[in-house]
Amino acid sequence: MTAIDFAAFVDELATISGETIRPFFRSAIDVENKSRSGGFDPVTAADRAAEAAMRTLIKRTFPAHGVIGEEFEAERPDAEYVWVLDPIDGTKSFISGMPVWGTLIALTRHGEPIYGMMHQPFIREQFSGDGRGARYRGPAGDRTLRVRPCAALGDAVLCTTSPLLMKDADRKCFTRVEKDVRLSRYGGDCYAYCVLAAGHVDLVIETELKPYDVLALIPIIEGAGGVITTWDNEPAHKGGRIIAAGDRRVHAQAMALLNGN
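Residues numbered from 1 in each chain as written. Predicted model: local features only at pLDDT ≥ 70, side-chain atom pairs only at ≥ 80, totals over all residues. Heavy atoms only, no water.

On to a nonpolar patch on the surface. A cluster of nonpolar residues, V31, F40 and I95, forms a patch on the protein surface that exposes about 230 Å² of accessible area. Its place among the elements puts V31 in strand β1 (residues 31–33). According to the relative accessible area criterion, V31 is partly exposed, its value standing at 39%. (Patch = residues over 30% accessible without salt bridge, like charges linked within 9 Å, V, L, I, M, F, W, Y side chains within 5 Å. Areas by Shrake-Rupley, 256 points an atom, 1.4 Å probe, with all protein chains shown as cover. Salt bridge = Lys/Arg side-chain N within 4 Å of Asp/Glu carboxyl O. Helix = DSSP H or I, 4+ residues; strand = E, 2+ residues; numbered from the N terminus. Buried < 20%, exposed > 50% of the residue type's maximum accessible area, 1.4 Å probe, protein only.)

What follows is the structure, given as structure tokens:
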């Protein structure tokens, strides 16, 4: 498959998932809580239908590839190439009628993310990257994504989905960083990482992430010149406690506070 064919295929994945999801958004939709720990982890028919549609297209086009998704069992997870799907990252925003959610599509090779896309079908925006470059496509036109320089934490804009999602000890660490930044904003889910890649914010700090929450975002952020790691400065591939920054200087300053230094 050529680069042009591959781009067309990923666009088809985004299109079919978007067409599946849009009729459900801001409609009367049943919400199921799939949490087993007493919390609230919503899933809807839109999540499942979109993932099923993408899986069908992948299996038809690349039968040797594996697929890992949020809503269904993994298929061929040890294959050389594996697609990692989160049909609606930000389901809580989705069911609340807020458009800060998106479909995450990642392609990994031997476990390494080599391509990622975040598609927001309601706003009709796409953020994509391959670790070497990153692109935006949407109502504002097509352009290259690039993080912005930010030398000091006191000048930084920080995003997280919600500190309430963090364990108590992690929330205390997060608060140390939040007290030092210029501005903090809540509720972004995957969209926050994309606006970081676009140069609008400087830091995203979160916890309790799964691989399908983050794998698609790694090639976008790195392709835009940013850095994304765990709080322990390890690769972000497996999720967990994640920090993304547009500038390595701010990444280092935030890491020091997160780790009590």
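Spanning 17 residues, helix α2 (residues 45–61) covers 24 Å between terminal C-alpha atoms, matching the ideal 24 Å at 1.5 Å per step. Taken residue by residue, α2 has A46, D47, A50, E51, A53, M54, R55, L57 and I58 as its buried positions. (Expected span 1.5 Å × (residues − 1).)

In terms of burial, strand β12 (residues 203–209) is a largely internal element, six of the seven residues being buried. Here strand β10 (residues 157–160) pairs with β12 via two bridges, running parallel. Within the sheet, the bridge partner assigned to L158 lies in β12 and is L203. (Pairing = 2+ DSSP bridges.)

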